[in-house]
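# Observations on the model geometry
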Amino acid sequence: MEPKKTILVIEDEPHIILGLKDALEFEGFRVVSASRGKDGIAQARAERPHVVLLDLMLPDLNGYQVCEELRRLDAFMPIIMLTARSQESDKIRGLDAGADDYVTKPFSVGELIARIRALFRRISRPSETLTFKVGDATVNVTAHTVERAGTTDSLSFYEVELLRFLHERLGQPVSRDEILNKVWGLEASPTNRTIDNYVVKLRRKVEAQPDRPEHILTVYGYGYKLVP
Ligand code: CA
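Residues numbered from 1 in each chain as written. Predicted model: local features only at pLDDT ≥ 70, side-chain atom pairs only at ≥ 80, totals over all residues. Heavy atoms only, no water.

## Here we look at the domain arrangement of the chain
What counts here: Segmentation of the chain into domains, including their bounds, is taken from an automatic or database domain assignment. By definition, residues are in contact when any of their heavy atoms lie within 4.5 Å. Each of two parts loses accessible area, computed with a 1.4 Å probe, when they are put together; buried area is these two losses added. A pair is scored as a salt bridge if a Lys or Arg side-chain nitrogen falls within 4 Å of a carboxyl oxygen belonging to Asp or Glu. A run of H or I in DSSP counts as a helix once it spans at least four residues, and a run of E counts as a strand once it spans at least two, with each numbered from the N terminus.
Per the domain assignment, the segments making up the chain are domain 1 (6–124) and domain 2 (131–226). Computed over C-alpha atoms, the centres of domain 1 and domain 2 are 24 Å apart. Each side of the interface is counted separately: domain 1 has 16 residues, and domain 2 has 19 residues. In total, domain 1 and domain 2 occlude about 1400 Å² of area from one another, counting both sides; carbon and sulfur atoms represent 51% of this. It is Phe76, Asp100 and Arg122 that lose the most area in domain 1 upon contact with domain 2, and together they represent 39% of the buried surface on that side. At the boundary of domain 1 with domain 2, the tally comes to zero salt bridges. Elements that contribute at least two residues to the side of domain 1 that touches domain 2 include exactly α4 (88–96), β5 (101–104) and α5 (109–124). At seven residues, the largest contribution of residues to the side of domain 1 that touches domain 2 is made by α5.

In structure tokens:
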């Protein structure tokens, strides 16, 4: 039997911690929790969890600050942000801060567990290509980085997965629906708008002129296409 995977829950509402702990332990995970941001960071350092569930509104630090701190600690630690807000701008900010995914409260525990499992599935998938070129940028799938013109940027989990998927279909238009299915793996969410936001961020890291992309191209009314 493989050892239990550890999930760190950083959340200040006791009933949510309890509910998550019950449900996740029932699913065979080991759960540790913290009710403040600073404790959460300390726990992450000590426990090296397989995934972090991070509340956006905490009593001491906000979730974005915690997320950035966790990223500094470990660039690969998967982070799912739990947010009570539904505004797109908060989600984008969370993803910018380095979260891999987010769920909006109130969420169903079933959905959250499906997301966690989807993250694990992708992490355990062997990487067939370690690096590839997009124009003059070098994407390193293993290190989650992209290097261009002497600068190295880190890539979030979904940024790498999106680039990798487009690269598998090099030169072919790929629909947003297919991207959602293959990269995010769940039909319910996120939305097409999420993909567009990711593309904007990737262009900033990959393209010489992000507002005049030459490699990550929009296929109007359909999706995207990666050209070498
Ligand atoms: Ca809270």
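Don't stop here, the text continues.
## Quick notes on the pattern of salt bridges
Rules: A 1.4 Å probe rolled over the protein chains alone gives each residue an accessible area, and that area as a share of the maximum for its type sets the label: buried under 20%, exposed over 50%, partly exposed in between.
According to the stated counting rule, one finds 17 salt bridges in the structure shown. A salt bridge links Arg117 to Glu27, with the shortest nitrogen-to-oxygen separation between them at 3.0 Å. Placement of Arg117 in helix α5 and of Glu27 in the loop between α1 (14–26) and β2 (30–34) is noted, with a sequence separation of 90 residues between them. Glu27 gets classed as partly exposed once you look at its relative accessible area, which sits at 33%.

## Here we look at the coordination of the calcium ion
Ideal values differ by geometry: the angle at a metal is 109.5 degrees with four tetrahedral donors, but 90 or 180 degrees with six octahedral donors. Rule in force here: For Na, K and Ca the donor cut-off is 3.2 Å, and for all other metals it is 2.8 Å, counting N, O and S atoms only; because water is absent from this set, sites may look incomplete.
Summarising the metal site, the calcium ion is bound by the protein donors Asp12 (OD), Asp55 (OD) and Met57 (O), whose distances to it range over 2.1 to 2.3 Å. Each donor residue of the calcium ion belongs to the same chain, with the gaps between them written as D-x42-D-x1-M. Exposure remark for Asp55: the relative accessible area of 2% places this residue in the buried category. In this structure Met57 comes out as partly exposed when scored by relative accessible area, which is 45%.

## A short note on the environment of Leu166
If you trace the backbone, Leu166 turns up in helix α6 (residues 157–168). Considered as a pair, Leu166 and Ile179 are 13 residues apart in the sequence and their alpha carbons are 8.4 Å apart. Discounting residues that sit within four places of it in the chain, Leu166 has contacts with Val174, Ile179, Ile216, Tyr224 and Leu226.

## So, the confidence of the model for the chain
Threshold: The score called pLDDT rates the predictor's confidence residue by residue, from a low of 0 to a high of 100.
Put simply, the chain has an average pLDDT of 86, and 91% of its residues get 70 or more. Confidence, read as mean pLDDT per element, is least for α4 in the chain (70) and greatest for β2 (97).

## Observations concerning the sheet that holds strand β8 (residues 145–148)
Using the following cut-off: Two strands qualify as a pair provided DSSP detects at least 2 bridges between them. Structural elements are reduced to axes, namely lines fitted to C-alpha atoms, with helices fitted over the stretch in contact, and the angle between N-to-C directions of any two is expressed from 0 to 180 degrees.
Read across the sheet, four strands follow the order β6-β7-β8-β9 without closing on themselves; strand pairing throughout is antiparallel. Edge positions in the open sheet fall to β6 (131–134) and β9 (151–154), since each of these has one partner strand only. Recorded for the sheet is a direction-independent mean angle of 25 degrees between the axes of neighbouring strands. Where strand β7 (residues 137–140) meets β8, three bridges bridge the pair, whose relative direction is antiparallel. When the bridges of β8 are listed, Thr138 appears paired with Glu147. Contacting β6, β7, β8 and β9, helix α8 (residues 192–206) runs over the sheet at an angle of about 45 degrees to β8.

## Some details on the packing of α6 against α8
To keep things clear, this is the line we draw: Put simply, angles under 35 degrees are roughly parallel, angles over 145 are roughly antiparallel, angles from 65 to 115 are roughly perpendicular, and the rest are oblique. When residue character is reported, Ala, Val, Leu, Ile, Met, Phe, Trp, Tyr, Cys and Pro are called nonpolar, Asp, Glu, Lys and Arg charged, and the others, Gly included, polar.
Orientation of α6 relative to α8, taken along the N-to-C sense of each, is 80 degrees, at an axis distance of 10 Å. On the basis of the axis angle, α6 is roughly perpendicular to α8. Residues Tyr158, Glu159, Leu162 and Leu163 of α6 touch α8, and the partners they reach there are Tyr198, Val199, Lys201, Leu202, Lys205 and Val206. When its residues are assigned to classes, the contact of α6 with α8 shows seven nonpolar, no polar and three charged.

## Quick notes on α8
Quick reminder of the rule: The length a helix should cover is 1.5 Å for every residue beyond the first.
Between its first and last C-alpha atoms α8 spans 21 Å; for 15 residues at 1.5 Å apiece the expected length is 21 Å, and the two agree. α8 sits mainly inside the fold: 11 of its 15 residues count as buried. Among the residues making up α8, those that are buried are Thr194, Ile195, Asp196, Asn197, Tyr198, Val199, Lys201, Leu202, Arg203, Lys205 and Val206.

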